[in-house]
Structures are given as C-alpha cells and as structure tokens.
Amino acid sequence: MRVCTLASGSSGNSTYVESNEGSVLVDAGLSGKAIKHGLETIGVDPLDLDGIMITHEHLDHIKGAGVLSRRYDLKIYATEKTWQQLLPTVGNIEECNRMVLRSEDYLEIEDLKIECFETSHDAAEPIGYCFYGSSMKVGITTDTGLLTGQARKHVEGSDLLIFEANHDLKMLKNGCYPWNVKQRILGDRGHLSNIAAGHCLASLISGKTNKIILAHLSKDNNTPELAFKTVADVLRESGITVGQDLVMEVAPRLEPGIVWDML
C-alpha cells in the first residue's frame, strides 16, 4: 500500500490511498486543479483513480469532488444523508457514480478492502474509513469530537493511523473565536484536541502500529510543533516513545506529505 495526505486542515482535506490494484481519495476538499497537481507531485495520474470516499459534507472535504467525478468518471462514495447535503455543492453527478454507504459497510474496490464506521461530528452522517491491502491496515479518523465505539473497533491495531489533532486547548480558549464556535469545537460533535488525540492514540496503538500522521490541525488554534510535542508527551506517559516505538509526522496543510510505502 501507498498512503499520502495531499492537504490537511480547514483549508481543504484529501488523502490518497493505493493498493496493488486499486486507488482512491479520501475526501476532495481542494479544487480539482489543486488535487490533480498534488497527485501528479507524488507521481499519480488522476486517470488511474477508482473513486472518492467522502467522510462528510463540509466544504473542506468535498470542494473538488464533483469536478473530479465528472472529469475522470469517478464514483463518489458517501452515506445517504451526506449525499442529501453535498449534491447542491458538488453539482450534477451521474447516477452510476453515486454510491451510497452505511456506517459499518464493507466494500472492495479492486483489491482494496474498505470498512466504514461512524464518527461524531456536526454533519449529517459522518464516517471514517479503514483500508486493507495485503497484510497492511490503514485507519483514518478525523473531524470527530470523540472516539466512537465503532471507530475504536475498526481502527485499533492499524499499521498506519491518520488521526485528528485539531487544536491546543489553551490556544482555543484564549483565542479570538466567538464563544459559541469554541463550544462547538470543544463539544462531542466537534474536533479532538491535541491532548485528547494523544490519549485516544495511546489506547489504539498495538504492536503492529508503526506510523502515525496527525491531521486536520487548526490554522488559528494549533501549530505543527505543538501538536507533535503534546501527542508525543501523552504517548510517552503511556509507555510509547515516538521515534523508537513508532514514527509520527504532522500532515502539511497545503501540500502533499510524506508518501508512506506500506510494505
């Protein structure tokens, strides 16, 4: 398997996942042009994509989905309630390319095996994904205010975890956001803080887990350095040493990150 975040954060989110025979995007929250450029940067032809897996309908996750589907004849996978919300934004999608998912669905795209699970976010019907290729497992959990039971069941023991570390609690509480926005972010249907991400990851990591990508960092209420240090400190308190027991990186906001080859 090969995995790479193309962009991550409130400005737009998209992750590329590839197996031996199949490849998909998880979300397409940039312009079609920007996603095409990101894919080409890592040596991928958009014509080779097999589909787009949508987590939820917020613009930073769907902005380029319609353009890409029409240009490359790509199937879009999303839950029914998410489809109801995203259609006015993504525009006309051929009926044959509208694929409806349910939480805890299982599907296969070529040799790429995919599981869906519910997340907890202020969207119509948000989900996350686990991907299996050969003996590798990749779990992707972002845009969630808490770790749901389904999410825990599915992503625990992943070889690679892409996991939200959205904000630093002090920066958010002392920042310029209106109080109602702060409450939304801090709520169970909001986003995970750095500390919460660290504790969740400590409970999810198994002997198989060797890579973590911290994702969906807030531009205003976090920094890559602070997210990394906070999560690493929490993991160390749980007996897990970053750099020794596993590798961790922070997904770049506006450009592709490291291309992870899962052998």
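Residues numbered from 1 in each chain as written. Predicted model: local features only at pLDDT ≥ 70, side-chain atom pairs only at ≥ 80, totals over all residues. Heavy atoms only, no water.

Caption draft 1: Representation of the state of the cysteines within the structure. As enumerated under the stated definition, the model contains zero disulfides in all. We note that Cys 96 lacks a disulfide partner, and the nearest cysteine sulfur, in Cys 116, lies 20 Å from it. Free cysteine Cys 116: the closest other cysteine sulfur is in Cys 130, separated by 9.6 Å. (Disulfide = S-S within 2.5 Å.)

Caption draft 2: Examining helix α9 (residues 224–237) more closely. Here α9 spans 20 Å end to end across 14 residues, near enough to the 20 Å set by a 1.5 Å rise per residue. Every buried residue of α9 is accounted for by Ala 227, Thr 230, Val 231, Ala 232, Val 234 and Leu 235. For α9, the secondary structure elements touched by its buried residues are α8 (194–204), β12 (211–215) and β13 (247–250). Looking at the residues trailing α9, positive phi occurs at Gly 239, about 90°. (Helix = DSSP H or I, 4+ residues; strand = E, 2+ residues; numbered from the N terminus. Expected span 1.5 Å × (residues − 1). Buried < 20%, exposed > 50% of the residue type's maximum accessible area, 1.4 Å probe, protein only. Contact = heavy atoms within 4.5 Å.)

Caption draft 3: Structural view of the sheet that holds strand β9 (residues 127–133). As summarised here, the arrangement of the seven strands in space is β7-β8-β9-β10-β11-β12-β13, forming an open sheet in which the pairing is mixed. Strand pairing shows two members of the sheet lacking a second neighbour, β7 (106–109) and β13, which therefore form its edges. The average angle at which neighbouring strand axes cross in this sheet is 20°, direction not considered. Examined bridge by bridge, β12 and β13 share four bridges and lie parallel to one another. Across the sheet, residue Leu 214 finds its bridge partner in β13, namely Val 250. Sheet strands touched by α8: β11 (160–164) and β12. Its angle to β11, the strand with the most contacts, is close to 155°. Here α9 sits on the sheet and contacts β12 and β13; the angle it forms with β13, its principal contact strand, is near 150°. (Pairing = 2+ DSSP bridges. Axes fitted to C-alpha atoms, helices over the stretch in contact; angles between N-to-C directions.)

Caption draft 4: Focus on helix α1 (residues 32–41). Those residues of α1 lying buried are Gly 32, Ile 35, Gly 38 and Leu 39. For α1, the angular spread of the buried residues around the axis is 125°, confining them to a single face. The exposed set on the far side of α1, more than 90 degrees from its buried face, consists of Lys 33 and His 37. In this structure, the buried residues of α1 make contact with β1 (2–7), β2 (14–18), β3 (23–26) and α3 (65–72). In the segment just after α1, Gly 43 is the residue with positive phi, at about 80°. (Arc of directions from axis to C-beta.)

Caption draft 5: Molecular detail of the layout of surface pockets. Approximately 250 Å³ is the volume found for the largest pocket. Forming the walls of the largest pocket are 17 residues, and the residues nearest its centre are Ser 10, Asn 166, Arg 184, His 191 and His 216. Counted by class, the lining of the largest pocket contains four nonpolar, seven polar and six charged residues. (1 Å grid on protein atoms, 1.4 Å probe; cavity = no way out; pocket = protein on both sides within 12 Å on 5 of 7 lines; lining within 4 Å. Points joined across faces, edges and corners; volume = space filled by probe spheres on them. Nonpolar A, V, L, I, M, F, W, Y, C, P; charged D, E, K, R; others polar.)

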